[in-house]
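The lines below spell out each chain.
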Amino acid sequence: MHAPKAFVPRLLLAAALCWLVAPFSSTRAQDTPLRNSTGQTDDVVRINTELVQTDVTVLDKRGRFVDGLTREQFELRVEGKPQSISLFETVIGPSKAEEGTAESKETSPPGARTVSPSQQTVVHGRVIFFFIDDVHLAPDNLARVRKALFNFIGNEMSQSDRAAIVSTSGQIGFLQQLTENQAMLREAAARLNNRRNPETIVSKVAISESDAAQVSEHFNSELFTYLVQATAAEFQTDEVTATNMVKNRVRQINAQSRMATVNTLGALLSLMRSSAPLPGRKIVFFITDGFVADPRVSNVFEMLRQVTRTAAQVGAVVYPIDARGTFADATTDASRNDYPDFTGSVSRNLLVETAATQEPLQTLAGETGGRAFLNSNSFQESFTRALGESSSYYLLAWRPGNEEQRSSKARIIVSIRNRPDLKVRVRRGFLAAPTAPAVKRKTIDKTGATHADGPDDELRAALGALYPLRSLPVALSVGYINSPKGDMRLLASMQIDAAALQPDPAHEARKTEVDVLGVAIDDRGALYSFKQKLTVNAEASAQGRPIVWNQQLTLAPGLYQVRVAVRQRDSGRTGSAMQWLEVPDLSNGRFNLSSLFLGERKQADAQRGEKFATSLRAIMVDVDHRFARTSVLRFQTYVYNAAQEGRAPAVSIQASIFRDNVPVVVMPPSRLPTDTTTDKARLPYWAEISLDKLPAGSYALRVTATDVATKAVATQQSTFIIE
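Residues numbered from 1 in each chain as written. Predicted model: local features only at pLDDT ≥ 70, side-chain atom pairs only at ≥ 80, totals over all residues. Heavy atoms only, no water.

Before going further, it helps to examine the sheet that holds strand β1 (residues 52–59). With respect to topology, four strands assemble into an open sheet ordered β4-β11-β1-β13, the strand pairing being antiparallel. Because the sheet does not close on itself, it has two edges, and the strands there are β4 (87–91) and β13 (423–426). Pairs of neighbouring strands in the sheet enclose a mean axial angle of 25°, with direction left out of account. As judged from the four bridges shared by β1 and β13, these two strands associate in the antiparallel manner. In the strand pairing of β13, leucine 59 is matched with lysine 423. (Pairing = 2+ DSSP bridges. Helix = DSSP H or I, 4+ residues; strand = E, 2+ residues; numbered from the N terminus. Axes fitted to C-alpha atoms, helices over the stretch in contact; angles between N-to-C directions.)

Moving on, we get to the environment of glutamine 561. For glutamine 561, the location among the structural elements is in strand β21 (residues 558–568). Judged by relative accessible area, glutamine 561 falls into the buried class, the value being 1%. With 42 residues separating them in the primary sequence, glutamine 561 and valine 519 have C-alpha atoms 8.1 Å apart. The contacts of glutamine 561, once residues within four sequence positions are left out, are Phe174, Gln177, Val519, Ala520, Ile521, Met578, Gln579 and Trp580. For glutamine 561, the side chain forms a polar contact with the side chain of arginine 563, separated by 2.9 Å. (Buried < 20%, exposed > 50% of the residue type's maximum accessible area, 1.4 Å probe, protein only. Contact = heavy atoms within 4.5 Å. Polar contact = N/O pair within 3.5 Å; in protein donor to acceptor, adjacent residues only side chain to side chain.)

Attention shifts here to unusual backbone geometry. You will see that asparagine 375, though not glycine, has its phi angle at about 55°, which is positive. You can see asparagine 375 is positioned in the loop between α9 (345–368) and α10 (379–390). Unlike most non-glycine residues, histidine 625 shows phi in positive territory, near 55°. Relative to the assigned elements, histidine 625 resides in the loop between α15 (610–614) and β25 (626–627).

Within the secondary structure, aspartate 322 is located in strand β10 (residues 316–322). Reaching out from aspartate 322, the side chain makes a polar contact with the side chain of arginine 324 at a distance of 2.8 Å.

In this section: the environment of methionine 494. By secondary structure assignment, the location of methionine 494 is in strand β17 (residues 488–497). Sequence spacing of methionine 494 and glutamine 551 is 57 residues, and the spatial spacing of their C-alpha atoms is 8.4 Å. Setting aside chain neighbours within four positions, we find methionine 494 in contact with Ala475, Leu476, Val516, Phe530, Gln532, Ile547, Val548, Trp549, Asn550, Gln551, Val564 and Val623.

Our next topic: the sheet that holds strand β19 (residues 527–537). Within the open sheet, the four strands sit side by side as β19-β18-β21-β22. Their pairing is antiparallel. Lying at the two open borders of the sheet, with one neighbouring strand each, are β19 and β22 (574–583). Each adjacent strand pair in this sheet contributes to an overall mean axis angle of 15°, direction not counted. Summarising the sheet, strand β18 (residues 511–522) and β21 pair through nine bridges and their orientation is antiparallel. Pairing of aspartate 515 across the sheet is with arginine 567, part of β21.

In structure tokens form, the structure reads like this:
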């Protein structure tokens, strides 16, 4: 059995990009640490004014988050000593209030049905990691996990959520990335396959990892005797031979078990560290069949401490889920073989195995402020309960008074005054940005010579960054169309805020130059690239207009990640953006839609008259998909393969706006006009929706087209924000 590879997102990305070599981002784990602006320093006594943060979840008896608590109600103790709370904040995630909707009689635009969503604003979207321990999951349990992930992606994931599916073995490869793209997440889930150690079930006499540990480390003679007798009966051999067979299997299973456990915790630790640049709380679902943590044969407890300590630093809460549920593991089920256990040693050992393999899961949950979901057969219930209690939380900032309190081992207790009915869940340790790794400034070439990184190296480093860089903010919008020649074209629109670009005052023409590097990488590692140079003058920068430019690539059908990086030449600042795109195969004649291209009609444009409002003109694509409430959303798509075998196209099309999967604007279905083009294989459709009846927040535009003759349905969706 080959040792499973730990999850290292940087290496996976580098393998896909091939020639990109990028140092890890030095962004801090949290937002800039809170500091007391009035702290002073004298020549004799140095007063530490830096605050540390503790995130706290408060639940009622029904396990629901308790909102509305004040700073005065919290009591904080560090190492048993009362600690004053310097700063206090409530962080609210997607709430049930937003899901409750009621129909409104208001219409926008005429003929559309508008449903008024909750006026409560979502403070932040959730960052969710599904860590799948595929080297410990049984095949049947892995299939259940895959099904649960598909259900979550399709039915439970909010449009403001970002999620990633990660496995211990790394078998998901390049798709182990944080995204809101559901097609990419479904493909990642589909790649999950069994990687469990086959040595445990190579014969009718199964020996689990726990059994092997019981025999070799705990000298369980009853279990060993049963395994020897059962092996002798299965292979019709003598007791001496059977004894050697069992010893060899136990030795092999122990070695592979230790390797699998170390790799599992190493992959989890790597995931924690890689999430450091992301601000706010991260929710990690650790789905496994459990594993043995025996300190006598490995450094597993030290690795557990590293994981929980890093989780505190980056703000991750771990929710382990035992995929066995209310289980009787096949590897310890005596009914699987022809030699029954009349002594009861195997059935007793099953209880020992349950406790032993679940102990590290309870440690991970308790130390990070999460909860272990054990002996439950419902993944959906576990997901819902964990997200419901962890998406919202309180953030307490306090000033450590001594080195003991600054230690990550400091014991922290938080309670609510005069509310013994409330349950407070708090992690051990506190939120603190880990030491940022030094940024690599020198490289060594093939001859061994050392040289400083140049501008091209910095640009490639920005392109290969695990998460978008914001030193020079850049927005990216990608879509696809089918050209009249029949090939698939990727259309990439990019944008930089001109106000962020300061022209070099020493330059005669008062202008600045920006280098652009972009790639489109499919899930097989095929790479399409482009390179550009932008020149921005002082006038454009002073007016504050966004700088927008475009790029086209001809692509084969498939799932792509599009990345773009920019670097301002005179300042050296860099920025990056990335987006996933699924390009369909239209050669099969299947009814389909192009991507949705979103634009905005300003209030000033509306004053030009109805003729302007309804004219069919090319839409200027809005790159960042952020629109004013006073504006009108314009969108366009193309319908493909509606006319076949001499049949005239007949298409019904409908547009709707959703907020967290709840419709808030529903346009009436209409027939797609076919007299606007001579190319019946590529029918354009465009429409407008007024945004003035919708409160600020995140939304999704969904367009559904139906072929009237064949009843085939095609859907496209794009998210946007109303400010």
